[in-house]
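# Survey of secondary and tertiary structure
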Amino acid sequence: RLAIAVADVSGKSVPGSLGMTMARSVLRAQAFNQLGVGQTLHKTNEIIQPDIRRGMFVTMFYGVLDSQAHRLDVANAGHNPPLVVGKNGFRRLECGGPIVGLFESASYEEETVTLVAGDWLIVFSDGVSEALSASGEEYGESRILTVVQSHLNVEPQKLLEAVFSDVREFARGAAQNDDITAMVLRFGS
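Presented here is a report on the structure given in the accompanying data block. Only a predicted model underlies this, so the values are computations on that prediction, with no experimental measurement involved. (Residues numbered from 1 in each chain as written. Predicted model: local features only at pLDDT ≥ 70, side-chain atom pairs only at ≥ 80, totals over all residues. Heavy atoms only, no water.)

## Considering the packing of aromatic side chains
- Within the structure shown, the criterion is met by one aromatic pair.
- Summarising the aromatic geometry, the rings of Tyr139 and Phe170 are spaced 5.3 Å apart at their centres and angled 75° between planes, so their arrangement reads as edge-to-face. Here Tyr139 is found in the loop between α3 (126–129) and α4 (141–149), whereas its partner Phe170 is found in helix α5 (residues 156–171), with 31 residues between them in sequence. Exposure class is identical for Tyr139 and Phe170. Each is buried. (Phe/Tyr/Trp six-rings, centres within 6.5 Å; stacked < 30°, edge-to-face > 60°. Helix = DSSP H or I, 4+ residues; strand = E, 2+ residues; numbered from the N terminus. Buried < 20%, exposed > 50% of the residue type's maximum accessible area, 1.4 Å probe, protein only.)

Next comes the structure, spelled out in structure tokens:
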């Protein structure tokens, strides 16, 4: 079993770094309890919410991959819906729940995905999908999907490089307002 997470904290500089450090530590501690993914996010929110700086919050995708069962259990706290892409098409993982840190009590939907060899999981921050061109156009999820679908047979590092290269080409030097973060995972061979 492999736990995976991608998160994005509101705020910049030292407060943002401290918020992310707290979120990472709490999520990691809760993951060791081996609760369901939705319950893990619930407990993470329960611990963070009273102590997070006012106005700060964390979007978070959390999943647990069981490679023996070919199963990925996921929950999402306001983060961009990840994509599962394979030779037979794609699927957005749209289970949801509120962002971490805003509400005292929050529940999170869980979704289970059965993976086949060659399927990709792509998790990205809004800094990727909302990257701006010089004219102010957003990069968008459809461009991410196009890059992934045209690179299904490459190594994971090459796919990440292709996504980041395409974002840079699209932006052509335009200043960006957010971190550009992505994670890819290929199931099987």
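## Details of the pairing of strand β6 (residues 110–114)
- Covered by surrounding structure in β6 are Glu111 and Val113 only, the residues Glu110, Thr112 and Thr114 on the alternate face being uncovered.
- Bridge count between strand β3 (residues 71–77) and β6: five bridges; the pairing is antiparallel. Of the residues in β6, the one forming a bridge with Arg71 is Thr114. (Pairing = 2+ DSSP bridges.)

## Quick notes on the sheet that holds strand β1 (residues 2–9)
- The strand order β1-β2-β3-β6 describes an open sheet built from four strands, whose pairing is antiparallel. Single-partner strands in this sheet number two, and they are β1 and β6. Here the average twist between neighbouring strands, direction ignored, is 15°.
- Relative to β3, strand β2 (residues 58–66) runs antiparallel, the two sharing seven bridges. Across the sheet, residue Met60 finds its bridge partner in β3, namely Ala77.
- Its contacts with the sheet place helix α2 (residues 37–48) against β2, β3 and β6, and it is angled at close to 30° to β3. (Axes fitted to C-alpha atoms, helices over the stretch in contact; angles between N-to-C directions. Contact = heavy atoms within 4.5 Å.)

## Quick word on unusual backbone geometry
- Positive phi, close to 60°, is recorded for His70, a residue that is not glycine.
- Of note, His70 is situated in the loop between β2 and β3.
- Although it is not a glycine, Arg172 adopts a positive phi angle of roughly 45°.
- Considering the arrangement of structural elements, one finds Arg172 in the loop between α5 and β8 (182–186).

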